[in-house]
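Coordinate inspection notes
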Amino acid sequence: MSRTRSAAPTGPAAPAVDRRAFLAATGAVGATTAFALAYGAGGPRPAAGPDAAAAAFAAPLVAPEPVAAPPVPRVPYTEGTTLASVATPGGAAAEYRRLAEGPGWDRVVRRDLAAARPGRDDRRTVLAAFVQLTDLHVVDVQHPLRHEYLRVRSAGAWRPQEALSVAGAVSLVERVNSLPGGPATGAPLSFAMTTGDNTDNNSSIELDWFLTALSGGRITPNSGDPRHYEGVQNSGHPLYWQPDSALRDADKLRGFPGIPGFLEAATRTVTSPGLHLPWYSTVGNHDSLPAGCCAPDDPFLAEVATGGRKLELLPADQAIRAYLAVRHGPGPGRREFADLLRAHGKRARSVTPDERRAPFTRPAYLRAHLDRRYTGPGPHGHGYTADDLDADRLHYTFRIAEDVVGISLDTTDPGGHHTGSVGSGQLRWLDRTLRAHAHEHVLVFSHHTSTSMDNTLPDPSRPAERRHGGPELVALLSRHRNVLAWINGHSHRNLITPHGTFWEVTTASHIDFPQLARVVEVTDNRDGTLSLFTTLVESHAPHRTDFGDLSQRGLAALYRELSCNAPGARGDLAGDPGDRNTELLLRRR
């Protein structure tokens with residue numbers, strides 16, 4: 001039975017002159033993988049040596065298992081994707097809901113930008129096939145700068161599943177490694193791209209965990225006292241789920257289970273095989289800014305992050321003030337957030353200080369990516385180079401395939417806020433880059449979406465440089481007909497938006513339910529149109545959770561189920577059918 005259905009048709013697409021001669025379907029992608037590793041758009045990208053600063057905070061790694069030969073692709077296939085099945089909650093919404101395997105999501109043909117012409121399945125050739133991971137939010141849940149205390153005002157300020165983020169991220173790596181190719185075409189997957197919020201607290205130890213999860217090695221998701229956990233989940237505060245305790249906390253009153261041994265298991269060493277694909281990295285606001293919204297390079301916040309006091313509770317009225325400061329900014333770390341921590345220092349819990357929790361700077365972020373211990377299957381630097389480090393630059397281009405170029409943008413606000421923008425210099429660079437590749441297809445990657453780039457306040461480090469929001473970026477991309485798609489995250493929700501000449505593809509996070517990543521395949525239909533196939537995948541963990549299974553695999557399954565039941569969790573993050581598994585048609589220029 002076909003799992004494809006069509007969205008409402010639009011007008012016919014005008015045919016275009018075929019200006020390319022591509023290799024056969026699977027060869028077109030596979031033959032260019034080695035080229036993409038060695039060269040970015042416009043020539044070789046120089047390598048850089050190991051980073052001593054990153055080495056100081058990283059735990060020792062073990063050599064990952066040898067990279068296995070890629071599985072033989074099938075054309076097409078559904079197994080291991082949400083086309084075949086999806087973790088589905090049972091029971092009433094007001095109860096703690098157990099997950100089980102449910103029916104998959106159909107593929108929807110979207111013809112907003114071009115008509116779907118018959119026979120394209122037999123004519124098409126593959127231009128690119130890859131995986132997007134986004135918003136992993138690898139979390140050090142014991143970090144003193146976390147603002148769990150805002151839960152008294154906003155239930156989503158703390159998530160019961162967060163202690164299992166490393167196990168969940170590794171399970172997603174295992175899923176990507178198991179895919180035999182693109183589900184729509186069977187073409188080999190040539191790379192993976194992370195579109196930001198790889199870490200949660202702009203913490204050095206989280207950066208090490210993220211890089212190790214993707215490159216391969218052992219991770220012990222514990223900080224502070226190596227002997228035991230020190231955080232809100234053994235605080236005795238009923239505001240938070242206390243899994244190891246008999247306390248009838250607020251979450252247990254909602255049906256959450258007691259799980260003896262949970263915290264010991266959650267802080268146990270996890271082994272990651274690392275991605276078997278080359279992977280690239282894009283920066284998000286949680287990577288650049290403490291707590292994802294505070295002003296960077298604040299000495300007081302750095303002192304709190306590495307120190308021995310952790311604030312876990314606030315009076316409701318103070319929590320409301322703090323919530324509004326973080327929500328509406330700008331730059332709450334400059335004044336409100338720091339003042340709050342100072343004022344309530346006596347309420348804070350004593351914890352074990354840990355220098356590995358220090359906020360990392362932009363140069364440190366780059367140096368860590370350039371550290372050869374994290375190269376894995378490559379490329380060295382994962383898109384970043386020594387030149388980017390010298391220039392303090394977090395945007396770059398890279399070669400995806402013979403006639404396809406990728407552009408990674410830095411949309412974080414350097415002054416401190418969770419919303420995004422781009423500076424005038426980066427916008428001019430983007431315009432020049434798109435002109436330089438006018439006769440190639442271009443895919444643009446960023447963390448923020450067009451609707452979340454609304455913070456255009458000046459950058460304190462570059463006060464003369466204007467900041468530009470989402471509408472200006474959409475307008476620029478629309479002027480360049482070589483742009484096929486803008487692929488991003490940040491909103492934690494699946495959403496696919498047509499913008500006249502290109503598609504904006506926004507993918508849900510891997511920390512909030514339904515915890516997804518997306519496979520993207522680009523084809524030339526040989527009829528004046530192109531297709532972008534998008535297919536969502538879950539982690540490799542089983543859909544059904546066993547509370548008695550505290551193995552690495554069992555914890556990854558529990559991570560998903562807890563996220564489904566998290567108080568305050570939104571129910572619309574999976575998006576509509578046309579935002580999930582799709583064929584997105586485009587006119588070929």
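Check the entry above for the structure.
Quick caveat: nothing in here was measured; it's all calculated off a predicted structure. (Residues numbered from 1 in each chain as written. Predicted model: local features only at pLDDT ≥ 70, side-chain atom pairs only at ≥ 80, totals over all residues. Heavy atoms only, no water.)

**Some details on the sheet that holds strand β22 (residues 495-498)**
Convention followed: Between any two strands, pairing holds if DSSP finds at least two bridges. Helix numbering and strand numbering both begin at the N terminus, where a helix is a DSSP run of H or I of at least 4 residues and a strand a DSSP run of E of at least 2. Axes, fitted as lines to C-alpha atoms, cover a helix only where it is in contact. Angles between the N-to-C directions of the axes lie from 0 to 180 degrees. It only takes one pair of heavy atoms within 4.5 Å for two residues to be counted as in contact.
Taken in spatial order, the 6 strands line up as β14-β15-β19-β21-β23-β22 in an open sheet, and their pairing is mixed. Two strands lie at the open edges of the sheet, namely β14 (396-401) and β22, each paired on one side alone. Ignoring which end each strand starts from, the neighbouring axes of this sheet average 20° apart. Note: β14 against strand β15 (residues 404-408), 5 bridges, orientation antiparallel. Within the sheet, the bridge partner assigned to F398 lies in β15 and is G406. The sheet contacts of helix α15 (residues 424-436) involve β14, β15, β19 (441-445) and β21 (483-488), and relative to β15 the element is tilted by about 175°.

**A word on the nonpolar core**
To keep things clear, this is the line we draw: By nonpolar core is meant a set of buried Ala, Val, Leu, Ile, Met, Phe, Trp, Tyr and Cys residues that side-chain atoms within 4.5 Å join together. The buried label applies to any residue whose accessible area, calculated with a 1.4 Å probe on protein chains only, is under 20% of its type's maximum; exposed applies above 50%, and partly exposed to all values in between.
If you look at the biggest cluster of nonpolar residues, it comprises 67 residues, and the most contacted ones within it are L214, I400, L443 and F445. Residues V141, A163, F262 and A338 belong to the second largest nonpolar core, which totals 40 residues.

**Structural notes on the environment of E355**
Within the secondary structure layout, E355 lies in the loop between β13 (349-350) and α13 (362-370). With relative accessibility at 62%, the residue E355 sits in the exposed group. Sequence separation of E355 and E303 is 52 residues, and the distance between their C-alpha atoms is 9.4 Å.

**Some remarks on unusual backbone geometry**
For the bond from G378 to P379, the omega torsion is -10°, close enough to zero to count as cis. Within the element layout of this structure, P379 appears in the loop between α13 and α14 (386-391). Phi at H137 takes a positive value of approximately 50°, unusual for a residue other than glycine. If you trace the backbone, H137 turns up in the loop between β7 (125-133) and α5 (165-178). Even without being glycine, Q515 reaches a positive phi, approximately 55°. The residue Q515 is located in the loop between β23 (503-506) and β24 (517-524) in this model. A residue is classified by how much of its surface remains accessible, and Q515, at 1% relative accessible area, is buried.

**With respect to the packing of α5 against helix α17 (residues 552-565)**
This is how the line gets drawn: Throughout this description, any angle smaller than 35 degrees is read as roughly parallel, any larger than 145 degrees as roughly antiparallel, any in the 65 to 115 degree range as roughly perpendicular, and the remainder as oblique. Gly is put with the polar residues, along with every residue not named as nonpolar or charged; the nonpolar set is Ala, Val, Leu, Ile, Met, Phe, Trp, Tyr, Cys and Pro, and the charged set is Asp, Glu, Lys and Arg.
As a packed pair, α5 and α17 sit with axes 8 Å apart at the nearest point and diverge in direction by 100°. It follows from the interaxial angle that α5 and α17 lie roughly perpendicular. The residues of α17 that touch α5, namely those facing S165, A167, G168, V170, S171 and E174, are Q552, L555, A556 and Y559. Counted by class, the contact of α5 with α17 contains 5 nonpolar, 4 polar and 1 charged residues.

**So, the environment of T535**
Looking at the secondary structure, you find T535 in strand β25 (residues 529-537). Measuring from C-alpha to C-alpha, the distance between T535 and E583 comes to 9.0 Å, with 48 residues separating the pair along the chain. Setting aside chain neighbours within four positions, we find T535 in contact with T81, L83, R107, P183, A517, R518, V519, E521 and N581.

**A word on the pairing of β7**
The test is simple: Looking down the strands as they point away from the viewer, one classifies a crossover as right-handed if the path from the first strand across the helix to the second runs clockwise.
Taken across its 9 residues, β7 has 9 buried, putting it largely inside the fold. As defined by bridge partners, β7 adjoins β24 across 7 bridges and the pair is classed as antiparallel. Across the sheet, residue A129 finds its bridge partner in β24, namely E521. In this fold, β7 hands off to α5, which returns the chain to strand β8 (residues 191-195); that crossover is right-handed.

As far as function goes, none of this settles anything; it's purely spatial.
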